[in-house]
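Structure assessment
The chain contents come next:
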Amino acid sequence: MKNKIFKRAVATAATMTACLAMAVPAAMAADSPYHVHKRVVPNDSGGYTLTLDASADKWMKQVPADVLFVNDMSGSMVQNIDSDSIPGGVTPDPSKPDYGIDLSKSRYGYVTKAMNQMVGQLAAHNASQSQNPRGQLALVKFGKYSLVYGDSTSPWGTNTAQLKADINDKKVDVDPSSSNILTSGGTSWDAGLRAAIDTLQLDEVANDGHRKVVVFTSDGEPNTVLSDNEYAGPDSSLSQNQYRSYNHYVKCNDDSAGRQKAYEKAADTMRDLIAAVPGVKVISVGMGPQSEVRRMQQIQAIAEGKAETDTPDRYYSADSEASLNQAFAAATQMVLPHPVTITDTLTGNVEFASTDQSAFRLTSNGQALPSTAYTITVDEASKTVTASIDPDYKLTDGEPVQLQFDIVASQSAKDQGQTPGFSYPDTGDPDTGATSAGQPGFYSNTTAKAVFSDDEGDFTTLTYAKPVIQVETVSRVTSLPATGSMAGVLVMSSAVAAAFIALMSAMAFKRRTSR
């Protein structure tokens, strides 16, 4: 009963205060096709219910994507992902398989694993569709020159088993005459990107109406360029699973001037790629110590049509397995974009009422979404909930998706409220609910955002406003001495006191105006 009285009192005071000001919608630009709204209301369980809306004037239409992996396979890819040393500190021994190196702990091993996982996800998605597979996949590897994998007719296809086998090929410097790793090498971004241009312009994908995505991975600066832009194959040196070879290469001087020359040639080739394949989206992943892959950020900026000195949006550093997996998760998201992903991270003053999946509700157009239409994950350590709509679920234009769940004040927040002289540290943002907007309290979240995807695989992120919650607080108000008696001490909830004062003021105003 005490909780219900407390909630009603807070609501009464907050409602009267909110009526004095016009609410401004949070995180919503007038000309934006995307909209978000977050609000909090007290519930009958002694806590609060949070609702996060996300809507689009026009929800994305899933457009198939053809994906080209352009992967650095130079000799340095056998090193540790976070340093230039060999895994386990071993000395390479040519008499042993793989030179005695545990490749699963190398840059090669980690990127191979991440690529295979991404290919598996794309294959699983295609298999779940009633229509033909949506997009095709192809693979380019480069070292001192480049190879395009595939059969004698085309590098593109949907045979993911063969693609995984090609990804797992351990010829790190892509030398067809080599049967092992760590042979003489080099790094030619120029060769890899030139192969990418020709591969993306082949008839089987050039005019299929699909989006084009390039995942470009490297672990260092280039030091080799092509002597011309022509491919050398097909020729007798190619294996059965290799389509083209670009091996007219020139090794640049191994100094700053030589590396600058190799980079400038690669930068020009990236510009050629963007011009030759309109709308192509490139994601760059820089592996290894980040001090060695600064050029990756610059060439990614070029891929996005920016100046080299600008910060790119689709560059990912990968000096650990976790960061590499995040990079490939972002690449997968670009290929299979979710219409919207909502994320909310709670503050230390708030807890989830329950972390069970059933405690998180997703609705649209007033109806609960089917369980196959979304994915919800809850990270209890970071107190973060993430809800993503499935790429193929059709939402109604203009209708919001609503994520709803219950929260409670943390014990820390409750303890703070019982401290003499306590005052709330935060004020609720506008339009976050009657007990929150303009009211003192504890913020419910540190960050909350909605990431929207459009038909081209581009993303727009909007940030939600911050609601507040209240706890029962104690303040001591000394009454005026009564005639013939000692001063009394009245102990009451400060929130109830505020509600009472606001209510009495309103009643007095009503009496004056009704006379």
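Residues numbered from 1 in each chain as written. Predicted model: local features only at pLDDT ≥ 70, side-chain atom pairs only at ≥ 80, totals over all residues. Heavy atoms only, no water.

1. Focus: the sheet that holds strand β12 (residues 340–346)
- With antiparallel pairing, the 5 strands of this open sheet are ordered in space as β16-β17-β12-β21-β22. Looking at strand neighbours, the two that pair on one side only are β16 (374–379) and β22 (459–463), the edges of this open sheet. The mean inter-strand angle of the sheet, taken between neighbouring strand axes irrespective of direction, is 15°.
- With 5 bridges joining them, β12 and strand β17 (residues 384–389) adopt antiparallel strand pairing. Looking at the pairing, T343 lines up with T386 of β17. (Pairing = 2+ DSSP bridges. Helix = DSSP H or I, 4+ residues; strand = E, 2+ residues; numbered from the N terminus. Axes fitted to C-alpha atoms, helices over the stretch in contact; angles between N-to-C directions.)

2. What to know about the packing of aromatic side chains
- This structure, assessed with the given rule, holds 10 aromatic pairs.
- Both rings, one in F352 and one in F360, keep their centres 5.4 Å apart while their planes meet at 75°; by these two values the pair is edge-to-face.
- For the pair Y424 and F442, a centre-to-centre distance of 5.4 Å together with 85° between the ring planes defines the contact as edge-to-face. Taken together, the positions of Y424 in the loop between α9 (411–417) and β19 (426–427) and F442 in strand β20 (residues 440–443) put the pair 18 residues apart, joining distant regions of the chain.
- One aromatic cluster in this structure is built from Y34, W59 and F452.
- Here R295 stacks its cationic end above the ring of Y263, 4.3 Å away from the centre of that ring. (Phe/Tyr/Trp six-rings, centres within 6.5 Å; stacked < 30°, edge-to-face > 60°. Lys NZ or Arg CZ within 6 Å of the ring centre and 35° of its normal.)

3. Here we look at the layout of surface pockets
- Estimated volume of the largest pocket: approximately 950 Å³.
- Lining the largest pocket are 31 residues; nearest its centre among them are Q326, A329, A330, Q333 and M334.
- Of the residues forming the lining of the largest pocket, the biggest block, 8 residues, is contributed by helix α8 (residues 321–335).
- The residue makeup of the lining of the largest pocket, split by class, is 13 nonpolar, 13 polar and 5 charged. (1 Å grid on protein atoms, 1.4 Å probe; cavity = no way out; pocket = protein on both sides within 12 Å on 5 of 7 lines; lining within 4 Å. Points joined across faces, edges and corners; volume = space filled by probe spheres on them. Nonpolar A, V, L, I, M, F, W, Y, C, P; charged D, E, K, R; others polar.)

4. With respect to the pattern of salt bridges
- Per the counting criterion, the structure on display carries 18 salt bridges.
- Taking the shortest distance from any N to any O, the salt bridge between K58 and D455 comes out at 3.7 Å. Here the residue K58 occupies a position in the loop between β2 (48–56) and β3 (65–72), and D455 occupies one in the loop between β21 (445–453) and β22, the gap between them amounting to 397 residues.
- Judged by its relative accessible area of 23%, D455 is partly exposed.
- Among the salt bridges present, the one from D208 reaches K212, with a minimum N-O distance of 3.0 Å.
- With relative accessibility at 25%, the residue D208 sits in the partly exposed group.
- Each of D66, D208 and K212 takes part in salt bridges that share partners, so that together they form one network. (Salt bridge = Lys/Arg side-chain N within 4 Å of Asp/Glu carboxyl O. Buried < 20%, exposed > 50% of the residue type's maximum accessible area, 1.4 Å probe, protein only.)

5. A few points about empty space enclosed by the protein
- In this structure the tally under the stated criterion is 1 cavity of 30 Å³ or more.
- Quantified by volume, the largest cavity comes out at close to 110 Å³.
- In terms of lining residues, the largest cavity is bounded by 13 residues, among which A65, L122, N126, G135 and V335 are the most central.
- Residue assignment for the lining of the largest cavity shows that the elements contributing at least two residues are β3 and α2 (107–127).
- With 3 residues, the single largest contributor to the lining of the largest cavity is α2.

6. A look at the pairing of β17
- β17 sits mainly inside the fold: 6 of its 6 residues count as buried.
- The two faces of β17 match: T384, T386 and S388 on one face and V385, A387 and I389 on the other face are all buried.
- In textbook terms, the turn of a hairpin is the stretch between consecutive antiparallel strands, and for β16 and β17 this stretch comprises 4 residues, one of which, K383, has a positive phi near 55°.

7. Focus: unusual backbone geometry
- The backbone phi angle of D98 is positive, close to 55°, even though this residue is not glycine.
- Tracing the chain through its elements places D98 in the loop between β3 and α2.
- Accessibility expressed as a relative area gives 17% for D98, which makes it buried.
- One non-glycine residue, N365, adopts positive backbone phi at about 55°.
- Inspection of the secondary structure assignment puts N365 in the loop between β14 (361–364) and β15 (367–368).

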